[in-house]
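The primary structure of each chain is shown beneath.
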Amino acid sequence: MSNYSGVIILTALIASAQIVMAQETQEAKYTGPGSCGSTSCHGGVRPRSDNAVLQNEFTTWTLQDKHARAASVLSNDVGKRMGVILGVNPPQSPKCLVCHSLNVAENRKTRSFDTGDGVSCESCHGPASNWLGPHTTRGWQYEKGLQLGMRNTRDLVGRTETCLSCHLGDETKSVDHEMIAAGHPDLYFELNSFTAAMPRHWKETDKDPWIDLRALATGQGVQLRENLRRISREAKNFWPEYAELDCFACHHNLVAAKDSWRQARGYPDRRPGNPPWNSSRYVVFRVILNQVDHDSAARLDASLKRVDELVSDIRADPAQISQAATSAAVTVDEIARRMPGLQLDGAAGWRLIKAITASSDRIAGAGERAAEQATMVLDSLFIACNSGAKVNNAQQIGGAVSALFKLVENPSAYNPNAFAQQMRNVGALVP
Amino acid sequence: MPGRIRTTKQLARRIQKDYFKNTFPMPRWRRTLSWILAAVGLGYVGWYAVARDASIYSSGPVTKAHASFGTKCSSCHGEGTGGRVGTVPDERCVTCHDGPIHNVRQVSMPACASCHVEHRGREVLLPASNGTCTDCHSNLHVTGGAPTVAAAIHSFTEGHPEVSAQLPGAKDPGQIKFNHKVHLKKDLRSMKGNVQLQCSDCHRPAGIGAETVSARSDTLAAKVDGPRPSRAYMAPVTYAGQCSSCHPLEFDKRMPGSVPHQNPEVVHDFLVAKFEAYIKTHPEALHEPDPQRIPRQTLDPEPANALEWVTLRTAQSERLLWTKTCIECHKFAPAAPTDYLPRVVPTNFNTRWLKHASFDHSAHAAFECVSCHSGATASEKASDILIPGIDVCKECHNPSGGRSVSAGSSCLECHQYHDWTKEKAVAPVQRENKSE
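The structure presented is a predicted model; accordingly, all values stated were derived computationally and were not measured.

1. Some thoughts on the pairing of strand β4 (residues 255-258) of chain B
A regular strand carries its side chains on alternate faces of the sheet. Residue and element names in this part refer to chain B. The sheet contact formed by strand β3 (residues 250-252) and β4 spans 2 bridges and is antiparallel. Bridge pairing in β4 links E250 to S258. Linking β3 to β4, which pair antiparallel, is a turn of 2 residues.

2. Observations regarding the layout of surface pockets
Residue and element names in this part refer to chain A. Taken as a whole, the second largest pocket spans an internal volume of roughly 790 Å³. Contributing to the lining of the second largest pocket are 34 residues, with P268, R270, P276, G365 and A366 lying nearest its centre. Elements with a contribution of two residues or more to the lining of the second largest pocket: α11 (247-250), α12 (261-265), α13 (280-292), α14 (294-311) and α17 (360-365). No other element matches the 4 residues that α14 contributes to the lining of the second largest pocket. Of the residues assigned to the lining of the second largest pocket, the class counts are 16 nonpolar, 7 polar and 11 charged.

3. Re the interface of chain B and chain A
Each partner contributes to the interface: chain B provides 32 residues, whereas chain A provides 42 residues. The contact between chain B and chain A buries some 3200 Å² in all, and 47% of this surface belongs to carbon and sulfur atoms. Sorting the residues of chain B by area buried against chain A places R189, R293 and R296 of chain B first, and these three jointly supply 25% of that buried surface. On the surface where chain B and chain A come into contact, there are 4 salt bridges. For E368 of chain A, the salt bridge is made with R296 of chain B, and the minimal N-O distance between the two is 3.6 Å. Here chain B and chain A share 19 residue pairs in polar contact (both at pLDDT 80 or more) between them. When contributions to the side of chain B that touches chain A are tallied by element, the ones reaching two or more residues are β1 (188-190), β3, β4 and α11 (306-325) of chain B. For the side of chain B that touches chain A, the leading source of residues is α11 of chain B, giving 5 residues.

4. Notes on the nonpolar core
If you look at the biggest cluster of nonpolar residues, it comprises 68 residues, and the most contacted ones within it are L224, L300, L304, I356, I363 and F419 of chain A. Ranked by residues supplied to this core, first place goes to helix α18 (residues 368-388) of chain A with 9 residues. Residue contacts for L300 of chain A: discarding those within four places in its chain leaves L224, Y282, F285, R286, L289, V332 and I335 of chain A. Counting residues in hydrophobic clusters, the runner-up holds 18 residues, among them F251, I279, W322 and L341 of chain B.

5. Some details on the packing of aromatic side chains
Taken as a whole and assessed by the stated rule, the structure comprises 13 aromatic pairs over all chains. A centroid spacing of 5.9 Å and a plane angle of 90 degrees characterise the contact between Y188 of chain A and F194 of chain A, whose relative ring orientation is edge-to-face. Taking relative accessible area as the criterion, Y188 of chain A reaches 16% and is therefore assigned buried. Judged by relative accessible area, which is 13%, F194 of chain A ranks as buried. Here the aromatic rings of Y44 of chain B and Y48 of chain B are separated by 4.8 Å at their centres, their planes lie at 55 degrees, and the arrangement is tilted. With Y44 of chain B and Y48 of chain B both in helix α2 (residues 25-50) and 4 residues apart, the pair spans about one turn of that helix. Its relative accessible area of 42% is what places Y44 of chain B among the partly exposed residues. When its relative accessible area of 23% is taken as the criterion, Y48 of chain B is described as partly exposed. Taken together, the ring pairs connect F251, F270, F275, Y278 and W309 of chain B into an aromatic cluster. One cation-aromatic arrangement involves R154 of chain A over Y142 of chain A; the distance from NZ or CZ to the ring centre is 3.8 Å.

Quick notes on the rules
Residues numbered from 1 in each chain as written. Chains lettered and ligands numbered in written order. Predicted model: local features only at pLDDT ≥ 70, side-chain atom pairs only at ≥ 80, totals over all residues. Heavy atoms only, no water. Pairing = 2+ DSSP bridges. Helix = DSSP H or I, 4+ residues; strand = E, 2+ residues; numbered from the N terminus. 1 Å grid on protein atoms, 1.4 Å probe; cavity = no way out; pocket = protein on both sides within 12 Å on 5 of 7 lines; lining within 4 Å. Points joined across faces, edges and corners; volume = space filled by probe spheres on them. Nonpolar A, V, L, I, M, F, W, Y, C, P; charged D, E, K, R; others polar. Contact = heavy atoms within 4.5 Å. Buried area = accessible area lost by both parts, 1.4 Å probe. Salt bridge = Lys/Arg side-chain N within 4 Å of Asp/Glu carboxyl O. Polar contact = N/O pair within 3.5 Å; in protein donor to acceptor, adjacent residues only side chain to side chain. Core = buried A, V, L, I, M, F, W, Y, C linked by side-chain atoms within 4.5 Å. Buried < 20%, exposed > 50% of the residue type's maximum accessible area, 1.4 Å probe, protein only. Phe/Tyr/Trp six-rings, centres within 6.5 Å; stacked < 30°, edge-to-face > 60°. Lys NZ or Arg CZ within 6 Å of the ring centre and 35° of its normal.

Distances and angles like these do not, on their own, reveal function.
Structure below.
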């Protein structure tokens, strides 16, 4: 009997080893952007109209997209200085490469892969080895690629998650207060603005002329959810994590007490001296949600109230913070997943602008990062509405929105009163 | 003794006493005919001599190459040839054409005529047997040490070494990136949609005068093809001929067309000239600012004038070309600190793999390319050597009966004796004298 069991165990071991080996050989590999850039594939210089895709994606990326230079900045003067401060060698440190390139195991790179290519095709579209060949064949369908490991960037939730994995952080990627102190910029994001700034290298397959409105709402919802998940992680590991707080509650120009707008405003809902939560990913979204789904907005406010209070209390129990954030993230997840399915049109878009500008005091009062978020959202909403159906005073509105950008140019000198006033100016102009 | 009728005398009478004085018919005819034949022979020779025609001495027709000599035996034989009619000394041959030495290290120099036997018919002036080669090569001795080739070759199937391209350590000297597998895959993406490439889309036979090796080393092919362009070898793949239709060297979205497929210096000058011309006719292109979409976003500064615009656009196009377009196929040498343009590593295409043998693709045209170049469809690197090994040849070229009983396996099927790279020019000495 023992002889038999030995044989069985051995056979099972060999079989399982074979399965593991088979899986490893099929594990998708990263081939590097060079595999995509042939002129007849994605490396043309002009967009082509005779194909489902523009075919100049690589060229847009390599010439205009800062993602292509993400790895090279690790070696510039700021990168070198950050390396000295943090005690790492940025061009080779996984801490940096996770976002500034594709930090994958050696056995998952093909010979054409080069870390120096920065954030390239496969950073967002997934490892290509399993679908690179098939995806050029006749009759290819996007869904087949998804089965072979291509990441779904058409799905607005998935697309935002892809961006946010670096632009907000996930389990393996983070920009904390230590890194910011060393020289890394604080992370902020708004899906439509960042897409346009890339610039966008694709045409939407969804033919809804108002898809950008749904994208914006989705981006807002997903980034709030990811913010809550990040708070939950940080509260378990290291708290207080100052990067979650309003930077400019502390990092601001000191003025004579009589000139301080902070002291004039007072410190509602928190102990004076406590830096508040950076609620920029919440305060604009709650207004949007209130417009498109009033009931959900009430639930959102209810679940976020506790998080706001706890994070804004420097002495709060991290375990409670983590729990509150986790629970709020569940609510927000459910809400965010409904955003891509919203029915929004130009009229709804203008109503959103009106509503956001009507909430000027609360948004402007939530800090510079919230003002920044409102600036990007208003700009994106205006562009989306105006490109769908042009308005007569577009130039005037555009000028008023540009003035918002000026007001957040120097964050330490941010003044909520001036910003709130300019928001109202924008609101007064929209139809 | 009654009845006895023959006496001795009678018997003696039967013998003609002067028989030795008579001429008998057989000897008489023999003598007569000898004289007649000699006379006829002399008459015949005399007749031809009078007619100044020496063809009656020929042991057989001469080859086409020597047909112009006609019946003038003295062109090769006769005066100044040592008086021996049966031989032709080498000096006579090299008056008209050089026969370069086989190898500088050879220990003996066979006479031309020991291989090139004339008067065997119109077509043949080459030895039919391997013997002339294996006399030396079956037990090869050379001057100055050991031979660099196999020393005991008895036949194609006995002792003949592997082709050099398939020997261990053989390397493709080419410095280009190319993936056969991708190019031959089903539904390859091209500028005109999906295509299925064939070997012949890129590998086309060269013509005479094309970029092939010495025309003289293709005599075998020339013999097969006659006066038509030689299809023995494939012409080298060129960018303009094979690559350009799917890999155009586009450089800017504002302008159609490609940069010239030349070194980076030429490309740089081309780009500068193009953009200078463009900004003259499109001055509005100076002001195309990117809108600000992100607070504190650092936007690229706008060029202040046309010169800055040209510099910026040239730099952008070069970034695209150097980092994407060129390196799809080419390799760049490591940049020196003073380099402002990349240095392309010379492609160094190998145009001839069988250095000591000639091969004729047209004679093998009935076969699919992959029946010999079997590795082509799976090859992912340009450094893969796709020249078939000698075993592939032996499948048909086999004296003991391969797949094809008629495929020859003599040395001269592939090899040349003379090293034609050492051929010397010979001044013509023949003169056609019409008055003769």
